[in-house]
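As a plain string of letters, each chain reads:
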Amino acid sequence: MRKKIVAGNWKMNTTLEAGIKLAKELDASVANANVKPEIGIIIAPPFTHLASIKQVVSEHICLAAQNCADHKSGAYTGEVSAEMLKAVGVNAVIIGHSERRSYYGDTDQVIASKIRLVLDNDMKAIFCCGETLDERNAGNHFAVVKTQMENGIFGFTADELEKIVIAYEPVWAIGTGVTASAEQAQEMHGYIRKLMTEKYGKDVSEACPILYGGSVNAKNAAELFAQPDVDGGLVGGASLDPAGFTEIIKAR
Ligand code: 13P
């Protein structure tokens with residue numbers, strides 16, 4: 001059985017004080033809700049909060065960063081390395097988010113370099129892929145995701161794939177309130193798993209969690225999570241509300 005995961009991407013929200021408060025409230029809310037211990041819960045606060053939040057949340061809540069540098073160390077002003085993240089107790093790093101791809105020029109090659117560093121530092125990579133609305137309307141959504149997968153993660157070995165979680169996030173569903181339908185999500189997740197099976201075989205593909213992201217909320221989560229290839233969610237806006245995020249976790 002592959003891992004069920006609900007992850008919250010806080011993006012560039014909350015000051016340190018507000019972030020610590022949010023993390024503590026979520027921790028308490030999850031404990032009160034008797035969430036099944038086998039459900040993986042991940043939060044991805046901003047860089048500045050990671051070390052402090054690590055100190056205040058229980059073991060059940062894993063910590064992710066939203067990005068890392070594509071170089072190991074050295075003269076890269078403003079960057080944060082995978083090694084630095086590991087050293088403050090980070091468990092996973094989101095790589096290839098569409099906001100990084102479109103606003104900061106993260107190419108498939110840069111993304112592959114970042115994943116290499118995340119894995120070398122013994123953390124998990126949450127690899128994001130997904131098409132824009134224009135690409136979907138042109139009927140290119142499968143081809144776009146296939147290319148992102150090939151360039152982003154297919155250079156890794158089957159063993160390394162065990163440390164990669166995939167997040168399908170259609171760009172048109174991110175922050176728009178327009179979620180993919182359960183059928184659209186399942187269709188793409190099934191396709192992603194088929195690509196994984198062709199490349200790595202059934203054992204690897206069946207073990208790989210594929211999360212859906214894009215306007216997930218407490219109302220639509222259960223239907224999305226009921227799809228056979230949707231193993232959980234990568235939640236943006238709705239992860240900033242501890243009670244609502246707990247409802248999403250409970251839907252998993
Ligand atoms: P929203 O849930 O706000 O649409 O964001 C999704 C996302 O980008 C998570 O990484």
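Note that the structure is predicted; figures quoted are calculated from it, not measured. (Residues numbered from 1 in each chain as written. Predicted model: local features only at pLDDT ≥ 70, side-chain atom pairs only at ≥ 80, totals over all residues. Heavy atoms only, no water.)

S.K.: Can you help me understand the overall build of the chain in this one?
M.R.: Of the regular secondary structure elements, the chain holds 12 helices and 8 strands. Here the chain has a C-alpha radius of gyration of 17 Å; the compact-globule value for 252 residues is 18 Å, and the two agree. Seen through its C-alpha atoms, the chain measures out along the principal axes to roughly 45 × 45 × 35 Å. A burial count over the chain gives 52% of its 252 residues as buried. Considering only contacts in the chain between residues 6 or more positions apart, those separated by 24 or more positions represent 71%. Of the roughly 11300 Å² of accessible surface on the chain, 53% is carried by carbon and sulfur atoms. Computing the positive centroid from 25 side-chain charges and the negative centroid from 31, the chain places the two 3 Å apart. (Helix = DSSP H or I, 4+ residues; strand = E, 2+ residues; numbered from the N terminus. Rg over C-alpha atoms; globule rule 2.2 N^0.38 Å. Buried < 20%, exposed > 50% of the residue type's maximum accessible area, 1.4 Å probe, protein only. Contact = heavy atoms within 4.5 Å. Areas by Shrake-Rupley, 256 points an atom, 1.4 Å probe, with all protein chains shown as cover. Lys, Arg positive; Asp, Glu negative; His and termini not counted. Charge placed at Lys NZ, Arg CZ, Asp CG, Glu CD.)

S.K.: Looking at this structure, how should I read the site of the ligand?
M.R.: Neighbouring residues of the ligand: 13 residues in total, closest Lys11, His97, Gly175, Ser215 and Gly237. One nitrogen or oxygen atom from the side chain of His97 is found 2.7 Å from an oxygen atom belonging to the ligand. The side chain of Glu169 places a nitrogen or oxygen atom 2.9 Å from an oxygen atom of the ligand. Considering the ligand on its own, with 310 Å² of exposed area, one finds that the protein chains cover 94% of that surface. Looking at the shell around the ligand residue by residue, the classes come out as 4 nonpolar, 7 polar and 2 charged. (Near = heavy atom within 4 Å. Polar contact = N/O pair within 3.5 Å; in protein donor to acceptor, adjacent residues only side chain to side chain. Nonpolar A, V, L, I, M, F, W, Y, C, P; charged D, E, K, R; others polar.)

S.K.: Please explain the pattern of salt bridges as it appears in this structure.
M.R.: Pairs may arise between side chains of opposite charge once their charged atoms sit close together. Scanning all chains against the criterion turns up 18 salt bridges. The partner of Lys11 in a salt bridge is Glu99, and the shortest N-O contact between them spans 2.8 Å. Highlighted residues: Lys11 in the loop between β1 (4-9) and α1 (16-32) and Glu99 in helix α4 (residues 98-103), separated in sequence by 88 residues. Of the charged contacts in the structure, one is a salt bridge between Arg136 and Glu131, with a shortest N-O distance of 2.8 Å. Each of Arg2, Arg193, Lys202, Glu206, Asp229 and Asp231 takes part in salt bridges that share partners, so that together they form one network. (Salt bridge = Lys/Arg side-chain N within 4 Å of Asp/Glu carboxyl O.)

S.K.: So what exactly am I meant to see when it comes to the packing of aromatic side chains here?
M.R.: For any pair of aromatic rings, the description consists of the separation of the ring centres together with the inter-plane angle of the planes. Counting across every chain of the model gives 4 aromatic pairs. Sitting over the ring of Tyr200, Lys199 keeps its end group 5.8 Å from the ring centre. (Phe/Tyr/Trp six-rings, centres within 6.5 Å; stacked < 30°, edge-to-face > 60°. Lys NZ or Arg CZ within 6 Å of the ring centre and 35° of its normal.)

S.K.: Would you explain the packing of helix α7 (residues 141-152) against helix α9 (residues 182-200) in this entry?
M.R.: Two packed helices can be described by the angle between their axes and the distance between those axes. Their axes nearest at 11 Å, the elements α7 and α9 cross at an angle of 40 degrees. Classified by the interaxial angle, the pair formed by α7 and α9 is oblique. Seen along the crossing, α7 lies across α9 with a hand that is right-handed. Across the interface between the two elements, His141, Phe142, Val145, Lys146 and Met149 of α7 pack against Glu187, Met188, Tyr191, Ile192, Leu195 and Met196 of α9. (Axes fitted to C-alpha atoms, helices over the stretch in contact; angles between N-to-C directions. Parallel < 35°, antiparallel > 145°, perpendicular 65-115°, else oblique. Left-handed = near helix turned anticlockwise from the far one by under 90°.)

S.K.: It is not clear to me how unusual backbone geometry should be interpreted in this structure. Could you clarify?
M.R.: The bulk of non-glycine residues show a negative phi, and the bulk of peptide bonds are trans. At Thr14, a position not held by glycine, the phi torsion is positive, near 80 degrees. For Thr14, the location among the structural elements is in the loop between β1 and α1.

S.K.: What should I look at first to understand the side chain of Thr246 in this one?
M.R.: As for its placement among the helices and strands, Thr246 is situated in helix α12 (residues 242-251). Residues contacting Thr246, with those up to four places away along its chain left out, are Leu26, Ser29, Val30 and Ala33.

S.K.: Could you clarify how one ought to interpret the sheet that holds β1 in this entry?
M.R.: Backbone hydrogen bonds hold the strands of a sheet together, and the pairing may be parallel or antiparallel. Read around the closed barrel, the 8 strands follow the order β1-β2-β3-β4-β5-β6-β7-β8; overall the barrel is parallel. Here the strands of the sheet are splayed against their neighbours by 25 degrees on average, with no regard to which way each runs. Of the pairings in the sheet, the one linking strand β3 (residues 61-65) to strand β4 (residues 92-95) comprises 2 bridges and is parallel in character. Directly across from Ala64, in β4, lies its bridge partner Ala92. Where α9 meets the sheet, its contacts fall on β5 (124-129), β6 (164-168) and β7 (210-213), and the angle it forms with β7 comes to roughly 150 degrees. (Pairing = 2+ DSSP bridges.)

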